[in-house]
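Secondary and tertiary structure notes
Given next are the chains, with one letter for each unit.
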Amino acid sequence: MIFEKNFTQKILHTDIILSNKLKDIINSIKLNTYKINNNNFFKKDSFDELKGKFIFSELNNYFLKLCKHLQYKKYEVIDWWVQSYKKGQYHDLHTHGSDMDKYSFVLYFNTTEDSSKITFYGPGYPLLTFEGISFKPKIGLLILFPCYLPHAVDINKDDKRLILSGNLKLIK
């Protein structure tokens, strides 16, 4: 089932079943350590392209359902990365661009009660004041949102938060 949260833009979210093979692939991806979080955004290893093909073949039906819900026919993967958060790590307020047909996603692979939430704000934030919409992470939660929505991840309080994130171009 797909749910919508509307405040200024549509944010879609759904719960999906993660196969053990998909979990193993995500957990096998080497992450680079940075101050605010750990990820493979800037540097992927030679096997990540093959892993990405498997990941998106596994997730294809979920993304197609979300596309249809937004009245798009298909999508293309622009980029993707895996990100983990240790205790005290976070992600500053940011966007993923400004294209109207570009959507970003977050899929949770590991969380605990202490995993930090993600909060979305309306376009123009922080110059324009908007009350944010937050999602408490849970394993299998897939969130799709317009790339231009400002969002941030609070300071994490565990060592378990693991996500797959990326950007998709939706095609009419």
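Since this is a predicted model, take the numbers as computed values, not measurements.

1. Focus on the sheet that holds strand β11 (residues 151-153)
Pairing within the open sheet is antiparallel, and its four strands lie in the order β6-β11-β8-β9. With partners counted over all chains shown, the strands left at the sheet margins are β6 (91-94) and β9 (133-135), one partner each. In this sheet, neighbouring strand axes are inclined to one another by 15° on average, regardless of whether the strands run parallel or antiparallel. Where strand β8 (residues 118-120) and β9 come together, three bridges link them in antiparallel fashion. Looking at β9, one finds that T119 is bridged to S134.

2. As for the state of the cysteines
This structure, assessed with the given rule, holds zero disulfides. Lacking any disulfide linkage, C147 is separated from the closest cysteine sulfur, that of C67, by 14 Å.

3. Comments concerning the packing of helix α1 (residues 20-28) against helix α2 (residues 48-69)
Interaxial distance between α1 and α2 falls to 10 Å at its minimum, and their mutual angle equals 145°. Note on packing geometry: the crossing formed by α1 with α2 is left-handed. For the pair formed by α1 and α2, the contact residues are K21, L22, I25, I26 and S28 on the first element and K51, F54, I55, E58 and L59 on the second.

4. A short note on α2
Here α2 contains 22 residues, and its C-alpha end-to-end distance of 30 Å stays within 8% of the 32 Å for a straight helix at 1.5 Å per residue. Against the buried residues of α2 lie β2 (10-15), α1, β5 (74-85), β7 (102-110), β10 (141-146) and β12 (161-171).

5. A closer look at the environment of L59
Turning to its location among the elements, L59 is positioned in helix α2. Given the relative accessible area of 2%, L59 is considered buried. Separated by 43 residues in sequence, L59 and I16 place their C-alpha atoms 9.1 Å apart.

6. Some thoughts on the pattern of salt bridges
A full pass over the atoms with the stated rule returns two salt bridges. The shortest N-O distance in the salt bridge between D15 and K138 comes to 3.1 Å. One end of the pair, D15, is in strand β2; the other, K138, is in the loop between β9 and β10, with 123 residues separating them in the sequence. On the basis of relative accessible area, D15 is assigned to the partly exposed category, the value being 43%. Look at K138 and you get partly exposed, because its relative accessible area is 40%. Across the pair K117 and D154 runs a salt bridge whose closest N-O atoms are separated by 3.2 Å. Here K117, found in the loop between β7 and β8, pairs with D154, found in the loop between β11 and β12; they are 37 residues apart in sequence, far enough to count as distant.

Analysis parameters
Residues numbered from 1 in each chain as written. Predicted model: local features only at pLDDT ≥ 70, side-chain atom pairs only at ≥ 80, totals over all residues. Heavy atoms only, no water. Pairing = 2+ DSSP bridges. Helix = DSSP H or I, 4+ residues; strand = E, 2+ residues; numbered from the N terminus. Axes fitted to C-alpha atoms, helices over the stretch in contact; angles between N-to-C directions. Disulfide = S-S within 2.5 Å. Left-handed = near helix turned anticlockwise from the far one by under 90°. Contact = heavy atoms within 4.5 Å. Expected span 1.5 Å × (residues − 1). Buried < 20%, exposed > 50% of the residue type's maximum accessible area, 1.4 Å probe, protein only. Salt bridge = Lys/Arg side-chain N within 4 Å of Asp/Glu carboxyl O.

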